[in-house]
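What the coordinates show
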Amino acid sequence: MNKVSLCTTSALIMLALSGCAQQKTDAQQKLNDQSVMALNWFQQSGEYQALTYQAFNTAKMAFDQAQPLAGQKKAVVVDLDETMLDNSAYSAWQVKANKPFDSKTWSEWTAARQATAIPGAVEFANYVNSHGGTMFYVSNRKTSEYAATLDNMNRLGFTGANDQTMLLSSDTSNKQVRFDSIKAAGYHIVLFVGDNLNDFGAATYHKDNAQRRAFVNQNHQQFGTQYIVLPNPLYGDWESGLAKDYNKLTPEQKLSVRDQNLKAWSGK
Ligand SMILES: [Mg+2]
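Here is a short report on the structure shown in this document.

About the thresholds
- Residues numbered from 1 in each chain as written.
- Predicted model: local features only at pLDDT ≥ 70, side-chain atom pairs only at ≥ 80, totals over all residues.
- Heavy atoms only, no water.
- Pairing = 2+ DSSP bridges.
- Helix = DSSP H or I, 4+ residues; strand = E, 2+ residues; numbered from the N terminus.
- Axes fitted to C-alpha atoms, helices over the stretch in contact; angles between N-to-C directions.
- Contact = heavy atoms within 4.5 Å.
- Salt bridge = Lys/Arg side-chain N within 4 Å of Asp/Glu carboxyl O.
- Buried < 20%, exposed > 50% of the residue type's maximum accessible area, 1.4 Å probe, protein only.
- Donors = N, O, S within 2.8 Å, 3.2 Å for Na, K, Ca; no water.
- Parallel < 35°, antiparallel > 145°, perpendicular 65-115°, else oblique.
- Left-handed = near helix turned anticlockwise from the far one by under 90°.
- Nonpolar A, V, L, I, M, F, W, Y, C, P; charged D, E, K, R; others polar.

Let's talk about the sheet that holds strand β7 (residues 227–229)
The five strands are arranged β5-β4-β1-β6-β7 in an open sheet whose pairing can be described as parallel. The open sheet has two edge strands, β5 (166–169) and β7, and neither has a second partner. Direction aside, the axes of adjacent strands within the sheet are offset by 25° on average. Sheet analysis places strand β1 (residues 73–78) next to strand β4 (residues 134–142), joined by four bridges and oriented parallel. When the bridges of β4 are listed, Val 78 appears paired with Tyr 137. Against the sheet, helix α7 (residues 146–156) contacts β4 and β5, and its axis sits at roughly 140° relative to β5.

Here it is as structure tokens:
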């Protein structure tokens, strides 16, 4: 190959590679842009706020009515992110900066201690802790994020968070082992509060959306009494439940899966 054709070939390869990179960036931006309306709703709507108050008002009634088993202590288990803590500013940053979620930038966000409280969350937690119950904060934030998370929560006014009651993720994101450790310590968990079905136990862990909906149908009487759900349209296992190995897909493939999952009117 002469010098001119070598240069031409190299230039074409460079152009193709930059084209691929651009395509990937565009697809990631499209994925992020699909969150804009959800973020607008989450951060700005009175309806979102009303739903969180509705959830915690219901949780308070359920807590008051629940009786622990004889000889056991009364406990409530809550998730943290998008249940007690609002991290939507991190999600909005992803849109503005055109970045996917990753553990490095997430750790920087948690270290900044800028999460705010979900409306009604602080009042509910402190009500439980001052009315004969114990709050357990069971989150899949990493144990390395413990100090910053505790500081963030203390600043927001949450009571009763310490190394016995705030159980973060050291190995598995399946929370069942941590729930079992609470029960083994003599507590009866009368109520679970979360934005993800996995916050209620192992039944929906790594399951697809059909299986997750089946769990909800089979347990529909427990919602509002034993399980309290906070709305989260920003992210969750409902998204990875759209397709097998969803989290391993490229941005282009994720866009396609999202589109394929729409139930659209066929009339036009
Ligand atoms: Mg959560």
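Here the narrative resumes, following the displayed structure.
Examining the pattern of salt bridges
Side chains that differ in sign of charge can pair as their charged atoms come close. Under the definition given, this model contains nine salt bridges. The salt bridge partner of Arg 155 is Asp 151, with a shortest N-O separation of 3.0 Å. Of this pair, Arg 155 and Asp 151 both sit in helix α7, separated by four residues, roughly a single helical turn. Of the residues examined, Arg 155 reaches a relative accessible area of 58% and is grouped as exposed. In this structure, Arg 258 engages Glu 239 in a salt bridge whose closest nitrogen and oxygen atoms are separated by 2.9 Å. Of this pair, Arg 258 sits in helix α11 (residues 251–260) while Glu 239 sits in helix α10 (residues 237–240), and the two are 19 residues apart along the sequence. Owing to a relative accessible area of 22%, Arg 258 belongs among the partly exposed residues under this scheme.

Here's the deal with the coordination of the magnesium ion
Looking at the magnesium ion, one finds its protein donor set to be Asp 79 (OD), Asp 81 (O) and Asp 195 (OD), positioned 2.1 to 2.2 Å from the metal centre. All donors of the magnesium ion belong to a single chain; written as a sequence motif, their spacing is D-x1-D-x113-D. Taken as a pair, Asp 81 in the loop between β1 and β2 (85–86) and Asp 195 in the loop between β6 (187–194) and α9 (209–218) lie far apart in primary sequence, 114 residues in all. Residue Asp 81 shares its accessibility class with Asp 195, and that shared class is buried.

Describing the environment of Asn 152
As for its position among the elements, Asn 152 is in helix α7. Sequence spacing of Asn 152 and Ser 256 is 104 residues, and the spatial spacing of their C-alpha atoms is 38 Å. The contact partners of Asn 152, leaving out residues within four places of it in the chain, are Arg 113, Gln 114 and Ala 115.

Some words on the packing of helix α2 (residues 36–44) against helix α4 (residues 88–97)
Contact pair α2 / α4: the axes reach a minimum separation of 11 Å and the direction vectors enclose 150°. On the basis of the axis angle, α2 is roughly antiparallel to α4. In the crossing of α2 with α4, the sense of the turn from one axis to the other is left-handed. The residues of α4 that touch α2, namely those facing Val 36, Leu 39, Phe 42 and Gln 43, are Ser 88, Ala 89, Ser 91, Ala 92 and Val 95. Partitioning the contact of α2 with α4 into residue classes produces six nonpolar, three polar and no charged.

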